[in-house]
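If you want the building blocks of each chain, they are given just below.
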Amino acid sequence: MKEKKYKHSFARRLTRWVMVVLFVMMSALGYLIYHLSEEFIVESSASLFHSNMKSSGKIICDALSDVSVAVINSVYDIEQHVDQPEQLQAIMERIVAINPRIRSCGVSFIENYFPQIGRTYCPYVCRQDSLPQKATIDDYLEAEWFVEAVAKDSAYWSAPFFDSRDPKSALVAYLYPIHDRKGRVVAILGADLSLDFMTQLLQQQDSIFQKEAVTFNLTKDGFFNSYVIDKRHGQYITHPDYWHILKGSFFVHIKDADTPGLAQELKEDMADDNVSEDETDKVVLVNRLKSYIFYAPLEGTNWCLALSMPVTALNVFGIIAGFIMLMIITFILMVTFFVSRLAIVRAASPLKQLAATADKVAMGQFDTPLPTIKSGDEIHLLRDSFENMQHSLTSYIKELKEATATKASIESELKIAHDIQMSMLPKTYPAFPNRHDLDIYGQVMPAKAVGGDLYDFFINDDKLFFCIGDVSGKGVPASLVMAVTRSLFRNISAYTQEPNHIAIALNNALSSNNDTGMFVTLFIGVLNLSNGHLAFSNAGHNPPLLLTDDGVSILSCDANIPAGVASDWEFTLQAIQMKTGESLFLYTDGLNEAEDSRCLQFGMENIVSIAKRTVNQPQPLIEAMTTAVQLFVGDAEQSDDLTMLAIQYTNPTTSSNTSSDHAIQPEH
C-alpha cells in the first residue's frame, strides 16, 4: 500500500501550538512587568505632585483667607461709622496699609445714600508702589458685581476680573454687605486680591518638578504646566501665558485619548468637591498631546489647581524594562523551539506506525500485527486500544451478519403475515355481483406491516351481517387479536341474528383469560335487505355517518364499552329504518385522529364535509376520504391503522338472488 503524505505533521503542529502558547504567556508576563513598572512610576509621581500641589493650594487658600478675614474684621468698624463719610476713607486706607495681600479696597454705597454728596459715594483706596493711594469709582450702581452683592446680602468671592488700571493682572474681590442700624443693606465692602502671586507660585512649582524630572532623565524642559481653573466652566484663573487668563477654557483644550468619555468624566470630577486624591489623575489629550492630568480642588472656592504633563515623560522606565524583557523572551523562545521540536518528533514517531496499521484494519485485514511500543505512556495505551478494536470488529462483523440474516427472515415472515391478514378481509368488489339491492366497499391501511383494524360482512337469510373494529395497540399482537375477533364474529353470527347478542358473546370470549388487557372497539350491524331494517349494537366504537337525501348526520348510538374489557356486559340493541339510496359510512379512529406534521387532527368536521361533497356511493366515498386524509397528513408518518367501510341500501325489489337457504359469502 502506498504511504500517505501529509502537508502538516502532528509534530510540527504540536510544536507550533507549544510556541504560540509560550509566546502568549511570555508576552503577557512582559506586558505585566511593563504595566506594573509604569503604574509604579505614575503612582510615585502622582504622590509627589499631589504633595506639592497641596502645599501650593494651602498658600493660595491662606492668601484668600487673609483677605476675607481682614474684610470681616473691618465690617464692625465700618457699620459703626456708616453715617460718617469722612471716617470711611480713613478706614479704607488702614485696611490696605496693614494687609499687603489687598491691592485695593472700597465701600460702595447704594444710590443717594448721602444726598449731600451726590448720587453715588465710594471711598476707595488702591495700592501703588506698595503705598495706599486714594482713588475713585464713578459709576458702579449698574455693575453686575454690585447688583448681585446687594441682592445676595451675604459675603462671597466674586468672579475673577481685569481692572482698567492693569489689564494684565487678574483680580478677585471679596464682597461683604454693610448694614445700617435698621439692618438694611446700604453698601458693599470689597477688597481686591491680585492673582499674580498665584501665577508666580505655580511657576516656581513647575520649576521644581522640571528639575526633578531632568535629574531622572524623565522629560525635557517645558513639559510641566500648572494652572488654576474655574471648576464650573474651565476658565483659566492663572496660566503661564497671561493672554489665556480669563479668556481661554481648559475644557476646550482637552479631548478623549484612550477611553471614550474620559474628558467629560474629568469635567465632572473637577466640579466634585468630594473627589478623593486617588481619583485625581486622568489620561487625556491636552492640546493634541496625550498627557496625565493631576488636580486638586481649592477649599472654599470654585477653583481647582491642575498640573498637566505628557504620558511619555513617565514611560521611559517602562519602555526600558519592556525592551529588556523582549530580548529575554526572544532567547527563551528560540531555545524552547529547538528542544520541543526534537522531543515531539521522537515522541510522535510511533503514531505513524499505528496510522499505517489502522489503514490495513480499515481494509478488512483484522489480523494485521500492531507495532511494538515500550514507552508505557498514552501511545502505548492507544496501541492496546487498537488491539481491542481488532478483536471487537471481528466479533461485530460476525454478529452483524447473523443479525442481518435474522432481520431478513423476520421481514419475510411479516410479509407473509400481512398477506394472510389481508386475505382474511373482503377485498374483491363488487362483493355480491348477483345482487342489486346492496352496494358495499371496504378498505384497510395498516400503520405497520400488520395491524389491528378489521372489517367483515356476509349475507345470511337475506340479511347483511357486517362489523368494523379497532384492536388496542398495533403490530403483531393487535393482528392476532384482530384474527381472533374476526373468527368469533363469523362463528357467533351463525347462531344469532341479534347484533347485541353477537357483541355479548364476543365480549365474553375476549374477556376470558385476557392477561394482556387488550380490547376491541366494535360496531356490529344486521341489515334486512328485504325491508331496509337495520339493527346494530356499538361496543365503544366511533358512531358511523348516515347519508340520506336530507344530508349527512352522525348516527346516534349507545357507546357501551369495548369488547374484552369486562365480561357479562349487557350491550344495547338499537335499530333504524333505511330507505332506498341511503348509505352508512363506518370508520376507525385512524381517520378522524390522523395527524399532520403540526400534530393537528383531521377531525369530524372534515369527514362530514367530504361526505356532503361526494357522490353517495361506497367506493367513490371511501376513495375521496382516502385522498383527503393523505393530502392533510402530507409527509407525516401514519400513526394508526385506518379502516373504512361504506354500505348503500338500494332497491330490494330488483334483487336477482333472494334465496335464504345458504349464507352468501363475499369473494376474498
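Residues numbered from 1 in each chain as written. Predicted model: local features only at pLDDT ≥ 70, side-chain atom pairs only at ≥ 80, totals over all residues. Heavy atoms only, no water.

## Let's talk about the packing of aromatic side chains
Two numbers describe a pair of aromatic rings. These are the distance of the centres and the angle of the planes. Put simply, the rule is: Only Phe, Tyr and Trp rings are paired, with Trp represented by its six-membered ring, and only when their centres lie within 6.5 Å; those with planes under 30 degrees apart are stacked, over 60 edge-to-face, the remainder tilted. Each residue's exposure class comes from its accessible area (1.4 Å probe, protein chains only) as a fraction of the maximum for that residue type: buried when under 20%, exposed when over 50%, partly exposed otherwise. The helix and strand labels rest on DSSP assignments: H or I over at least four residues marks a helix, E over at least two residues marks a strand, and numbering proceeds from the N terminus.
Tallied over the full model, the rule gives 16 aromatic pairs. Measuring from centroid to centroid gives 5.0 Å for Phe 109 and Phe 114, while their planes differ by 70 degrees, and the two rings are edge-to-face. What makes Phe 109 buried here is its relative accessible area of 0%. According to the relative accessible area criterion, Phe 114 is buried, its value standing at 4%. Judged by centre distance (5.5 Å) and plane angle (70 degrees), the ring pair of Phe 602 and Phe 632 falls under edge-to-face. With a gap of 30 residues between them, Phe 602 in the loop between helix H10 (589-592) and helix H11 (603-613) and Phe 632 in helix H12 (residues 618-633) connect regions that are remote in the sequence. Clustering of aromatic rings is evident, with ring pairs tying together Phe 109, Tyr 113, Phe 114 and Tyr 121.

## What to know about the sheet that holds strand S20 (residues 574-577)
Backbone hydrogen bonds are what pair the strands of a sheet, in a parallel or an antiparallel way. As a reminder of what qualifies: Only strands joined by at least two bridges in the DSSP assignment are considered to pair. To define axes, lines are fitted to C-alpha atoms, for helices over the stretch in contact only, and angles between the resulting N-to-C directions are given on a 0 to 180 degree scale.
Across the sheet, five strands lie side by side as S14-S15-S16-S17-S20; this open sheet has antiparallel pairing. The open sheet is flanked by strand S14 (453-460) and S20, the only strands paired with a single partner. Each adjacent strand pair in this sheet contributes to an overall mean axis angle of 15 degrees, direction not counted. Where strand S15 (residues 463-471) lies against strand S16 (residues 520-528), nine bridges are found, and the strand directions are antiparallel.

## A short note on the confidence of the model for the protein
For clarity, the threshold we go by: A residue's pLDDT is the confidence the predictor assigns to it, expressed on a 0 to 100 scale. Whether two residues are in contact is decided by their heavy atoms: any pair within 4.5 Å suffices.
For the protein, mean pLDDT is 81; residues scoring 70 or higher make up 86% of the total. Mean pLDDT across the elements of the protein bottoms out in helix H4 (residues 196-215) (68) and peaks in strand S17 (residues 533-539) (96). Every residue in residues 214-222 scores below 50 in pLDDT, and together they form 16 contacts with partners more than four places removed in sequence or on other chains. Here residues 656-662 is modelled with pLDDT under 50, and outside its nearest four sequence neighbours on either side it reaches nine contacts, counting other chains as well.

## Quick look at the nonpolar core
For the record, the criterion: The definition of a nonpolar core used throughout is a set of buried Ala, Val, Leu, Ile, Met, Phe, Trp, Tyr and Cys residues joined through side-chain atoms within 4.5 Å.
Residues Met 92, Phe 109, Ile 178, Leu 189, Val 228 and Trp 303 are the most contacted members of the largest nonpolar core, which totals 64 residues. In terms of residue count, helix H1 (residues 10-80) provides more of this core than any other element does, eleven residues in total. Excluding anything up to four places from it in sequence, Ile 178 contacts Val 75, Ile 78, Glu 79, Val 82, Val 107, Arg 184, Val 185, Val 186, Ala 187 and Leu 189. If you look at the next biggest cluster of nonpolar residues, it comprises 51 residues, including Leu 438, Ile 504, Leu 546 and Met 578.

## So, the pairing of strand S3 (residues 131-135)
Pairing geometry for strand S2 (residues 124-128) and S3, over five bridges, is antiparallel. Bridge assignment links Gln 128 to a residue of S3, and that residue is Leu 131. Adjacent in sequence and paired antiparallel, S2 and S3 are bridged by two residues, among which Asp 129 carries a positive phi angle near 55 degrees.

## What about the environment of Ser 609?
Mapped onto the secondary structure, Ser 609 falls in helix H11. On the basis of relative accessibility, which here comes to 30%, the residue Ser 609 falls in the partly exposed class.

## Digging into empty space enclosed by the protein
Stated formally: A cavity here means a set of points on a 1 Å grid, drawn over the protein atoms and nothing else, where a 1.4 Å probe fits but cannot get out; a pocket is an open set with protein on both sides within 12 Å along at least five of seven lines, and a residue lines either one if it has an atom within 4 Å of a point. Grid points are joined across faces, edges and corners, and a volume is the space filled by probe spheres set on the points. Charged means Asp, Glu, Lys or Arg here, nonpolar means Ala, Val, Leu, Ile, Met, Phe, Trp, Tyr, Cys or Pro, and polar covers whatever is left, Gly included.
Tallied over the full model, the rule gives one cavity of 30 Å³ or more. Looking at the largest cavity, its volume works out to about 30 Å³. Lining of the largest cavity is provided by Thr 199, Leu 202, Gln 203, Ser 226, Thr 238, His 239 and Pro 240. The dominant element in the lining of the largest cavity, judged by the number of residues it contributes, is H4, at three residues. Along the lines of polarity and charge, the residues of the lining of the largest cavity split into two nonpolar, five polar and no charged.

## As for the pattern of salt bridges
Basically, it comes down to this: Take a side-chain nitrogen of Lys or Arg and a carboxyl oxygen of Asp or Glu: if they are within 4 Å of each other, that pair is a salt bridge.
Applying the stated criterion across every chain yields a total of eleven salt bridges. Between Arg 184 and Asp 180 there is a salt bridge, with its nearest N and O atoms 2.8 Å apart. On the basis of relative accessible area, Asp 180 is assigned to the buried category, the value being 12%. Where Arg 490 meets Asp 456, a salt bridge forms, and the shortest distance between an N and an O atom there is 2.6 Å. Of the two residues, Arg 490 sits in helix H8 (residues 475-493) while Asp 456 sits in strand S14, which places them 34 residues apart along the sequence.

## A look at a nonpolar patch on the surface
Put simply, the rule is: Candidates for patches are residues over 30% relative accessible area with no salt bridge; among them, like charges are joined within 9 Å and nonpolar side chains (Val, Leu, Ile, Met, Phe, Trp, Tyr) within 5 Å. To be clear on the numbers: accessible area is Shrake-Rupley with a 1.4 Å probe, and residue cover counts the displayed protein chains and nothing else.
On the surface, Phe 323, Ile 324, Leu 326, Met 327 and Ile 328 cluster together into a nonpolar patch covering about 480 Å² of accessible area. Positionally, Leu 326 belongs in helix H6 (residues 316-362). By relative accessible area, which is 46% here, Leu 326 ends up partly exposed.

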